[in-house]
Amino acid sequence: MVFSHERKVRVREVEFSEQVSGKDSNKIRIGAFLAVMGPGIIAGLSDDDPAGITTYSQLGAQFAYRMLWTLVISTFALILFQDLGARIGVVTRQGLIGLVRQKYGARAGLLAVVSLVLANLGTMTAEFAGIATAGQLFGFSKYITVPISAVLVSFLVLRSSFARVEKVFFVLSAVFFAYVIAGFMSHPHWGTALHGMVTPSMPLTHDAVYIATATLGTTLAPWGLAFIQSYAVDKRLTRDDLKLLRVDVWTGSLLTGVIGFFVIVTCAATLNAHGTTNITDAAQAAAALKPLAGTLAKDLFAVGLIGAALLAASILPLSTAYSITDLMGRPSGVDDKLEEAPLFYATFGILTVIAAVLILIPGAPLITILIVTQILNAVLLLPLLLYMYGISKDKRLMGEFAATRNMRGIYLAIIAIVGVCVAAMLWFTFF
Amino acid sequence: MKATVVPGITSVTKVAKVTQRLVGRKDSVLARKTVRESLVSVAGLIGRPVRDLEGRDIGHLVDIVVRHSADTYPPVSGLIVKVEKRKSFINGARISSLTQDEIRLSSTKINLEDFKRREGESLLDADVLDHQIVDVDGLRVVRSSDLYLAPLDKEIRVVGVDISFRSLVRRLFPGALSRRPTPEHVIDWATVASLADGTGVVRTSSSRSKLSQLRPADLADLIEDLEGREQEAFIEMLEPELAADALEEMEDDELQGLLRGLPAERSAALLEKMEPDESAEILRDLADDHRESIFKSMDAKVARELRKLVSFDEKLAGGIMTTHLLITVETDTVAHALKLLVENRERDISDGVVVVDGRGRLLDHIQVVELVAAKPTALLSTLIGAPFPTAVTPDTKLEDVVEEFGNNRGSSIIVIDEKSKPVGRILADDLVDALAEESGYRGASQGNGVLS
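Residues numbered from 1 in each chain as written. Chains lettered and ligands numbered in written order. Predicted model: local features only at pLDDT ≥ 70, side-chain atom pairs only at ≥ 80, totals over all residues. Heavy atoms only, no water.

*Asks:* Just checking my understanding: could you explain the overall build of chain A for this structure?
*Replies:* Assigned secondary structure in chain A consists of 22 helices and zero strands. Counting the 431 residues in chain A, one finds 63% classified as buried. Long-range pairs, those at least 24 residues apart, make up 84% of the contacts in chain A with a sequence separation of at least 6. Entry remark: accessible area of chain A is about 15,000 Å², with carbon and sulfur atoms responsible for 69%. (Helix = DSSP H or I, 4+ residues; strand = E, 2+ residues; numbered from the N terminus. Buried < 20%, exposed > 50% of the residue type's maximum accessible area, 1.4 Å probe, protein only. Contact = heavy atoms within 4.5 Å. Areas by Shrake-Rupley, 256 points an atom, 1.4 Å probe, with all protein chains shown as cover.)

*Asks:* What's the story with the sheet that holds strand β14 (residues 192–194) of chain B in this structure? I'm lost.
*Replies:* All names here are of chain B. The strand order across the open sheet formed by three strands is β10-β9-β14, and the pairing between neighbours is antiparallel. Lying at the two open borders of the sheet, with one neighbouring strand each, are β10 (140–143) and β14. If you compare each strand with its neighbour and ignore which way they point, the axes differ by 35° on average. With three bridges connecting them, strand β9 (residues 132–135) and β14 associate as antiparallel partners. Among the inter-strand pairings, Asp-135 is bridged to a residue of β14, identified as Val-192. (Pairing = 2+ DSSP bridges. Axes fitted to C-alpha atoms, helices over the stretch in contact; angles between N-to-C directions.)

*Asks:* Sorry, what's going on with the confidence of the model for chain B here?
*Replies:* Detailed reading of the predicted coordinates is not advisable wherever pLDDT is low. Residues and elements named next belong to chain B. Confidence in the prediction for chain B averages 78 pLDDT; 86% of positions are at 70 or higher. Below pLDDT 50 for its whole length, residues 1–25 participates in 39 contacts with residues either more than four positions away or in separate chains. For this predicted complex, the interface confidence score (ipTM) comes to 0.74, while the overall pTM stands at 0.76. (pLDDT = per-residue confidence, 0-100.)

*Asks:* I keep staring at helix α22 (residues 405–430) of chain A and nothing clicks. Help me out?
*Replies:* Residues separated by three or four positions in an α-helix point in the same direction, a consequence of the helix having 3.6 residues per turn. Residues and elements named next belong to chain A. For α22, with 26 residues, the first-to-last C-alpha span of 37 Å sits near the 38 Å given by 1.5 Å per residue. Of all the residues in α22, the buried ones are Tyr-411, Ile-414, Ile-415, Val-418, Cys-421, Val-422 and Met-425. At its buried positions, α22 is contacted by α6 (68–92), α13 (206–219) and α20 (366–392). (Expected span 1.5 Å × (residues − 1).)

*Asks:* What am I meant to see in the pairing of strand β19 (residues 412–416) of chain B here?
*Replies:* Residues in a regular strand project their side chains so that they alternate between the two faces of the sheet. All names here are of chain B. Counting buried positions along β19 yields five of five residues, so the element is predominantly enclosed. Of the two faces of β19, the one carrying Ser-412, Ile-414 and Ile-416 and the one carrying Ile-413 and Val-415 are both buried. Of the pairings in the sheet, the one linking strand β18 (residues 391–392) to β19 comprises two bridges and is parallel in character. What sits directly across from Ala-391, in β19, is Ile-414. With five bridges connecting them, β19 and strand β20 (residues 422–427) associate as antiparallel partners. Bridging across to β20, Ile-413 finds its partner in Ile-426.

*Asks:* Mind showing me how you'd approach the pattern of salt bridges here?
*Replies:* It is possible for side chains bearing opposite charge to pair when their charged atoms get close. Residue and element names in this part refer to chain B. If you walk through the whole model with that rule in mind, you get 22 salt bridges over all chains. The salt bridge partner of Lys-339 is Glu-343, with a shortest N-O separation of 3.6 Å. Highlighted residues: Lys-339 and Glu-343, both in helix α16 (residues 334–343), separated by four residues, approximately one helical turn. We classify Glu-343 as exposed; its relative accessible area is 52%. Each of the salt bridges in this network shares a partner with another, and the network as a whole consists of Arg-51, Asp-57, Glu-102 and Arg-104. (Salt bridge = Lys/Arg side-chain N within 4 Å of Asp/Glu carboxyl O.)

*Asks:* How should unusual backbone geometry be read in this particular structure?
*Replies:* Leave glycine aside and you will find that most residues have negative phi; peptide bonds, for their part, are mostly trans. Although it is not a glycine, His187(A) adopts a positive phi angle of roughly 45°. Within the secondary structure, His187(A) is located in the loop between α11 (178–185) and α12 (190–198). The exposed category is assigned to His187(A), whose relative accessible area is 66%. In this structure, Asp130(B) takes a positive phi of about 70° despite not being glycine. Within the secondary structure, Asp130(B) sits in the loop between α4 (124–128) and β9.

*Asks:* Looking at this structure, I do not really get helix α10 (residues 252–261) of chain B. What am I missing?
*Replies:* Along α10(B), seven of the ten residues are buried, which leaves the element largely enclosed by surrounding structure. Along α10(B), the residues classified as buried are Asp252(B), Glu254(B), Leu255(B), Gln256(B), Gly257(B), Leu258(B) and Leu259(B).

*Asks:* Honestly, the packing of aromatic side chains in this entry has me stumped. Any pointers?
*Replies:* The geometry of an aromatic ring pair comes down to the distance between the two centres and the angle between the two planes. Residues and elements named next belong to chain A. Inspection of every chain in the model, using the stated rule, returns ten aromatic pairs over all chains. Aromatic pair Tyr-104 and Tyr-387: ring centres 5.1 Å apart, planes at 45°, arrangement tilted. Remark: Tyr-387 occurs in helix α20 and Tyr-104 occurs in helix α7 (residues 96–104); sequence separation between them is 283 residues. Judged by relative accessible area, which is 14%, Tyr-387 ranks as buried. Considering the side-chain rings of Phe-227 and Tyr-231, the 6.1 Å spacing of their centres and the 50° angle between planes classify their relative orientation as tilted. A residue pair is termed a helical-turn pair when its members lie 3 or 4 positions apart in one helix, as Phe-227 and Tyr-231 do in helix α14 (residues 222–234) at four residues. (Phe/Tyr/Trp six-rings, centres within 6.5 Å; stacked < 30°, edge-to-face > 60°.)

*Asks:* How should the nonpolar core be read in this particular structure?
*Replies:* Nonpolar side chains in soluble globular proteins tend to end up buried together. Counting residues in hydrophobic clusters, the biggest one holds 100 residues, and the most contacted among them are Phe128(A) and Phe301(A). Residues within four places of Phe128(A) in sequence aside, it is in contact with Val146(A), Ser149(A), Ala150(A), Thr352(A), Ala355(A), Ala356(A) and Ile359(A). One finds Leu211(B), Leu238(B), Ala280(B) and Phe295(B) within the second-largest nonpolar core, a separate group that totals 56 residues. (Core = buried A, V, L, I, M, F, W, Y, C linked by side-chain atoms within 4.5 Å.)

*Asks:* How should the packing of helix α5 (residues 50–63) of chain A against α20(A) be read in this particular structure?
*Replies:* Residue and element names in this part refer to chain A. Where α5 contacts α20, the two axes come as close as 9 Å, and the packing angle between them is 95°. The orientation of α5 relative to α20 falls into the category roughly perpendicular. Taken together, the residues of α20 that come into contact with α5 (itself represented by Pro-50, Ala-51, Thr-54, Thr-55 and Gln-58) are Ile-367, Leu-370, Ile-371 and Gln-374. Residues belonging to the contact of α5 with α20 are distributed by class as follows: five nonpolar, four polar and no charged. (Parallel < 35°, antiparallel > 145°, perpendicular 65-115°, else oblique. Nonpolar A, V, L, I, M, F, W, Y, C, P; charged D, E, K, R; others polar.)

*Asks:* Sorry if this is basic, but what is going on with the packing of α7(A) against helix α18 (residues 297–328) of chain A here?
*Replies:* Angle between the axes and distance between the axes are the two parameters that describe a pair of packed helices. All names here are of chain A. The N-to-C vectors of α7 and α18 enclose an angle of 30°; their axes lie 7 Å apart at closest approach. The angle between the axes of α7 and α18 places the two elements in the roughly parallel class. The hand of the α7/α18 crossing is right-handed. Facing α7, whose interface residues are Leu-96, Ile-97, Gly-98 and Arg-101, α18 presents Ser-323, Asp-326, Leu-327 and Met-328. (Left-handed = near helix turned anticlockwise from the far one by under 90°.)

*Asks:* Teacher, can you tell me more about the side chain of Thr373(A) here?
*Replies:* Residue and element names in this part refer to chain A. When you line up the elements, Thr-373 lands in helix α20. We classify Thr-373 as buried; its relative accessible area is 9%. A distance of 3.0 Å separates polar atoms of two side chains, one belonging to Thr-373 and the other to Gln-374. Dropping the residues within four chain positions of it, Thr-373 is found in contact with Gly-122, Thr-123 and Ala-126. (Polar contact = N/O pair within 3.5 Å; in protein donor to acceptor, adjacent residues only side chain to side chain.)

*Asks:* Help me understand the environment of Gln367(B) in this model?
*Replies:* Tracing the chain through its elements places Gln367(B) in strand β17 (residues 362–367). Beyond its immediate sequence surroundings of up to four residues, Gln367(B) is in contact with Asp351(B) and Gly352(B).

*Asks:* Is there a simple way to think about the pairing of β9(B) in this case?
*Replies:* Neither face of β9(B) is left uncovered, since the one carrying Gln132(B) and Val134(B) and the one carrying Ile133(B) and Asp135(B) both have all their residues buried. Here β9(B) folds back onto β10(B) in antiparallel fashion, the turn holding four residues, of which Leu139(B) has a positive phi close to 55°.

*Asks:* Is there a simple way to explain a nonpolar patch on the surface in this structure?
*Replies:* Residue and element names in this part refer to chain A. Together, Ile-350, Ile-354, Leu-358 and Ile-361 give the surface a local cluster of nonpolar side chains, amounting to about 330 Å² of exposed area. Positionally, Leu-358 belongs in helix α19 (residues 342–360). By relative accessible area, Leu-358 is classed as partly exposed at 35%. (Patch = residues over 30% accessible without salt bridge, like charges linked within 9 Å, V, L, I, M, F, W, Y side chains within 5 Å.)

*Asks:* Explain the confidence of the model for chain A to me, please; I cannot follow it from the model alone.
*Replies:* Averaged over chain A, the pLDDT score is 83; the fraction of residues at 70 or greater is 89%. Contacts from residues 1–36 of chain A, a stretch scored under 50 in pLDDT, to residues over four places away or in other chains number 89 contacts.

Now the structure itself:
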């Protein structure tokens, strides 16, 4: 029992597992399925958090349609590795970090957990940056909005009333679907967009490499990989459930890509076309929604940011605390009392406090934080992806679900792409 | 389903137990000076050179094989050594000395064999180190940070498990620093249930007998804390009756998940041993085809009985009753009834017997006390009389059952079919469970996080 909100949305879970276990028939009823969002969709929608939206906006504003292909690759990578994470969780029924420690020993386990915690701390900071940004759009100081959100999120997650509120966050973050409409209304050059999706080309500049790396890091976020796996373990999903879990994972991942696509296209057709080629504050990013919302664009954007940030900020510390306790012994969750799981609550608290405090530093550059944390994500992805790759081909752990030769090749290719991006990014940073 | 009555009490005793253990157990082998001073860290030993009698390098240690048997502390039965890129097995009898820095063999001529896993053996690095183990004294699931070997009874044996974070961090350091044993938080191997391959076959280990002394509710907590294969290995390790008792104490959704992971035969065996009403409650929530495959693996008679129970709505008397009844005929003797009670003393229904007439119709429920007071040769018909038990039909609504309980202040109600034949009983605790579930109260031990 890990994630409070999952336990508390028991009804939803039961429906989901009834469907995955094929209570009525093996047919997947799409309508019913969409009514109950699974973990893949949770992870997918949470990927379109303030950091994701900002990164995609910047990509569209700076490079218009030209670098859409980085999103295509990122989405493809997201689908494959989320799918792998789900499979590892179902087959081995172990959390990612515990499994890495078992298979690769103490050093690997600690390296994996440190990577994950740093990445999650970064992303958590980005969520608070999103809240601060949205607050500023409404005219509230970050010294008010950030502490209130930190307390609110902790309170909701640790109290059981989270289930209802979570739905509200979902609806709020669904505001970003507005980009789909805004995309059409801004009359983008579809032909150029299509060309940008399939033709990998980029200027070899500092900015281009940075934003490409951030796009990878925000789409294929480390926490999502750990989350989907621990979800499958925690819900005791079996091999029979795998089919529907995969549908869910693919849907969620594709959704991330689709929303990302429309964000980029909208920003290309509005911001970039009108000369805004570098986003430095939230008001600029929000301006992309003007064709749809007119003067309300700012409000729409801010509401979306708050919803998505709160949603992700309530899952992130839980997922992180689960991984840390998984390293040390058994994974724990909010179902455990404080004296039973001090490590869990300590991780939860420390992560939330540090992330909030970082944002409260006077003059903290919010937009920069939103993007740089995603670059950090990409760097920290590397060890995690390599461990997942190692586990995927281990016959003793995965049995008949072990990755085939072709799949291993594809996994390695993705890891190589992330590696190249990170190397190029480091090159431009230090030389 | 949880039976913890006083919230917080279990965890307090847990903490107390852990503290007690860290202070040190006097009877532990770890308290012996000879053992304490000769501890060798397994994590530190892996990768060290294996040398022959004259000190020439043969290869590097890859893993240590131990044999689980009746011994509390499993002896080292062999080494897996990497010799020129090939992994070979060296029999443990050839070890002449084993220190933290190297292993010396007793001859210069070495037989290298390929390693094959054998029943009752496990590999310390691959199967135990960094894996989940159950700390039976502390009632918790932990990961082992290190294992310690020491000479004991003429063999090198695993004596302790290190579970500290410090030892985990120690292993990060390079060179000799990572090898120095740091046995501050070591659990005696005797109080550990290792779930590694091969250990499950041992029926006599002391950890197993320790496990059998735990309360089913504590076992249920441990089962819930384990993951994957370790969880199945743990259940496999318990005596079937105890495993069934523990399962009854598990959260419904946890238990469902567990059953979905187990083979149907194993699930069937466990469910057969559980109280029928508890089994039915779980089976009712399973997917149709899964439930069907479990039924097929069951004893036909039990399956038939459970099918009937499952078909009842859980909002009705039939849905919460247990079908376990001790049925006697009025012409039976008191001695027969008492014998029946003794035979079923493990069950929670053995507070009395149900008496029926020649056609199987309910006459009375006779308490143990009445039977004990009567002459052994007396017929049960002579004991029939007021107070008569309350009876309801299976389709009685839960609220009406509650009302009957309230009116009669008895400890149970008999469920009869349309021909007045007894088909089940509802005990007060079944009713409490059913009502608790209905009202959404899910027991104190479930917890809603720290603030609730």
